[in-house]
Amino acid sequence: MSIEPASIRHFPAAHPLPDWRNLGVLLRTLLGINALAALLALAQVAAGAAGSGGGPAPAWPAAWAGRYLELTVGVEPHLFLLGVLLAGGRDLLWRLPLRLAQALVTLLAGGLAVALTAWAAALGIGDGAAGPAALLAMAAWAVLLGYFDLRARAHSPALAEARLAALNARIRPHFLFNSLNAVLSLIRARPQQAENALESLADLFRAALRDPGKLVALGDEIELGRQYLELEKLRLGERLTVDWQIGQISPATPIPPLMLQPLLENAVYHGIEPSPAGGCIRIAIDHPRAGDRRELRLSIGNPLPPVAGGRATHAAGNRIALDNIRERLRLYYDLEARLSIESRPDAYQVNIVLPCPPPPL
Amino acid sequence: MSASAPLNLLLVDDEAPARERLRVLLGDIAGQLPNCVAGEAANGREALAWLNARAAAGEPVDGVLADIRMPGMDGIELASHLALLPQPPAVIFTTAYDNYAVQAFDLAAVDYLLKPVRAQRLLTALQKLPARLPAPQLHQLATTVGQAWRGGGRSHLSCHERGRLLLIPVEEILYLRAEQKYVTARTLEREYLLDESLAQLEAEFGARFLRLHRAVLVAPAAVAGFEKAAGDDAEAYGWALLRGVPEKLPVSRRLWSTVRQSLA
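Residues numbered from 1 in each chain as written. Chains lettered and ligands numbered in written order. Predicted model: local features only at pLDDT ≥ 70, side-chain atom pairs only at ≥ 80, totals over all residues.

What about the sheet that holds strand β7 (residues 347-355) of chain A?
Residue and element names in this part refer to chain A.
- Taken together, five strands build an open sheet; the order of strands is β2-β4-β5-β7-β6 and the sheet is mixed. Of all the strands in the sheet, the pair left with one neighbour each is β2 (240-246) and β6 (338-344). Across the sheet, the axes of successive neighbouring strands diverge by a mean angle of 10°, strand direction being ignored.
- Examined bridge by bridge, β6 and β7 share seven bridges and lie antiparallel to one another. (Pairing = 2+ DSSP bridges. Helix = DSSP H or I, 4+ residues; strand = E, 2+ residues; numbered from the N terminus. Axes fitted to C-alpha atoms, helices over the stretch in contact; angles between N-to-C directions.)

Next comes the structure, spelled out in structure tokens:
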């Protein structure tokens, strides 16, 4: 199948002017502005305590909370309106030179503060001092933009891509050499099967060495997973059984590369190989809610064979591979993808929920 | 062995294609070194059962080609148990890729074949069948690699009884007790006499057993309770009662309070 794979060079975290439609960015903005408001409230309480000089002042935590609540009455509507404006004007802002766009956002914050104060004064609430409110809003947003700028530099595309490349290109050498050995055993007796196996091996390596910044079609990723499991079946024979449950999904859905195969490799390595009797790997791919195509769920489950003397290294091995995928999900989607683990003494399951399609960039 | 008699070999690998490949290679080198694949096994336990039967029939094999990482029982542990057979075969290890094991083997100067194995390399290895490693060294290797793989020592202990090799799963052992010359291992069913020192066993399985006395290690889950000894009892300060078996184990005065705390 062929789709034009969307580039994901624009990692959500990687633009100095962040994507205000991204959940992670909104959350960070919300927390950042409220933290600044809380800090301001604390400063005012401290100044008040120093100025009042004795007298029965309320306990400072109560005073702080009170002052903070008073501030939020002004801060939250401002934050909400500005958020809407920025989400709407995102593409326009991205087209402007960075410094100009940053200045524009800051001025917009100030202007909105003036407008809100004037409106509040017209309704008879607030003290109507527009100047300080505007300056405070501009200062807070300057700090916030500075933070996103720094964050973008820390996640610069070059760096993110280098990290992705390092994270992607990992096929266990254990698997490679055992597979080569299995293919060698086939060459004389079953040359046709040996050819197929080598072709699959080539596909796996092509996938591992592919540009990690490009999304791939879900259907291709599933095919890669099947090829991988065929190779493992060659080695493990009847010990490995596989149960695919693929729901009403579109094979053209773009997803980040190598989301499935490393998890399958994990499942084989920790769930099947240590068991003389083997077991079944279950793969389910579907939309988590029927009819809702905005999210895609992948889950991979494997049995955990009892191991005499403990399972310490298994847990550790699993964690490394999962940390790897978690890090990649963060680079691709920031906070919008979820990875969860269901771990029982005798079974292990990894669930990944991806937004789909990913935010258009 | 005489120069003309073919080498009798056992192939042990959990992957059927890997055994198949060795068979083909052995066929290729049969002209230079007559050999015969006497059997195949998928893991260490199967291999030991097979070897026991062969030994009982009076047909020992000359060599075992054993994969290092196998489910059930790995190749290194297999080799350490093999050492107790009446006519132990030489063991040649094979591995596709295993950092821990290869490092441990290099340190111990133990030879191994890397998979995919080359016919020439296999021939060389079989021509100078390695001298059997001493059992303590194999125990040490099995412990090192077992620690890295499982976070524990061997999965089984072995003992030698009337020409047969018996395997005792470590998780079934209730206690280990040093007698005059031997160490006995007790499971729910019976006692086994081991040819290993309690100090070695404690070093290997320290995380699994608790010391009660100079001569006693117990599996914590097997302890049902404690009772104080009569004041004039010279043998023990107190006794540990066990689940499922009638014996009582002595607890020394020095360890009494720490043992009771850790099992409370």
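Some points on the confidence of the model for chain A
- Confidence in the prediction of chain A, expressed as mean pLDDT, is 82, and 83% of residues score 70 or more.
- The secondary structure element of chain A with the lowest average pLDDT is helix α6 (residues 157-168) of chain A, at 65, and the one with the highest is β2 of chain A, at 96. (pLDDT = per-residue confidence, 0-100.)

So, the nonpolar core
- Counting 89 residues, the largest nonpolar core has L264 of chain A together with L10, V12 and V64 of chain B as its most contacted members.
- Ranked by residues supplied to this core, first place goes to helix α9 (residues 218-236) of chain A with eight residues.
- The next biggest cluster of nonpolar side chains, apart from the first, holds 29 residues, and it includes L157, I173, L176 and L217 of chain B. (Core = buried A, V, L, I, M, F, W, Y, C linked by C-beta atoms within 7 Å. Buried ≥ 20, exposed ≤ 12 C-beta atoms within 10 Å, placed from the backbone.)

Some points on the confidence of the model for chain B
- Averaged over all residues, the pLDDT of chain B equals 87, while 97% of them reach at least 70.
- Both scores are given for the predicted complex: the pTM is 0.73, the ipTM 0.78.

Brief notes about the domain arrangement of chain A
- Here the domain parsing of chain A yields domain 1 (12-155) and domain 2 (161-355).
- Split by residue class, the side of domain 1 of chain A that touches domain 2 of chain A holds four nonpolar, two polar and no charged. (Domains from an automatic or database assignment. Nonpolar A, V, L, I, M, F, W, Y, C, P; charged D, E, K, R; others polar.)

As for the interface of chain B and chain A
- Contact residues are listed per partner, giving 26 residues for chain B and 25 residues for chain A.
- In terms of residue count, the dominant contributor to the side of chain B that touches chain A is helix α1 (residues 16-28) of chain B (six residues). (Contact = placed C-beta atoms within 7 Å.)

So, the pairing of β6 of chain A
- Counting buried positions along β6 of chain A yields zero of seven residues, so the element is predominantly exposed.
- Connecting β6 of chain A to the next strand, β7 of chain A, in antiparallel fashion are two residues.

Thoughts on α1 of chain B
- With 13 residues, α1 of chain B should cover 18 Å at 1.5 Å per step; its first-to-last C-alpha distance of 19 Å lies within 8% of that length.
- All buried positions along α1 of chain B are accounted for by P17, A18, R19, E20, R21, L22, L25 and L26 of chain B. (Expected span 1.5 Å × (residues − 1).)

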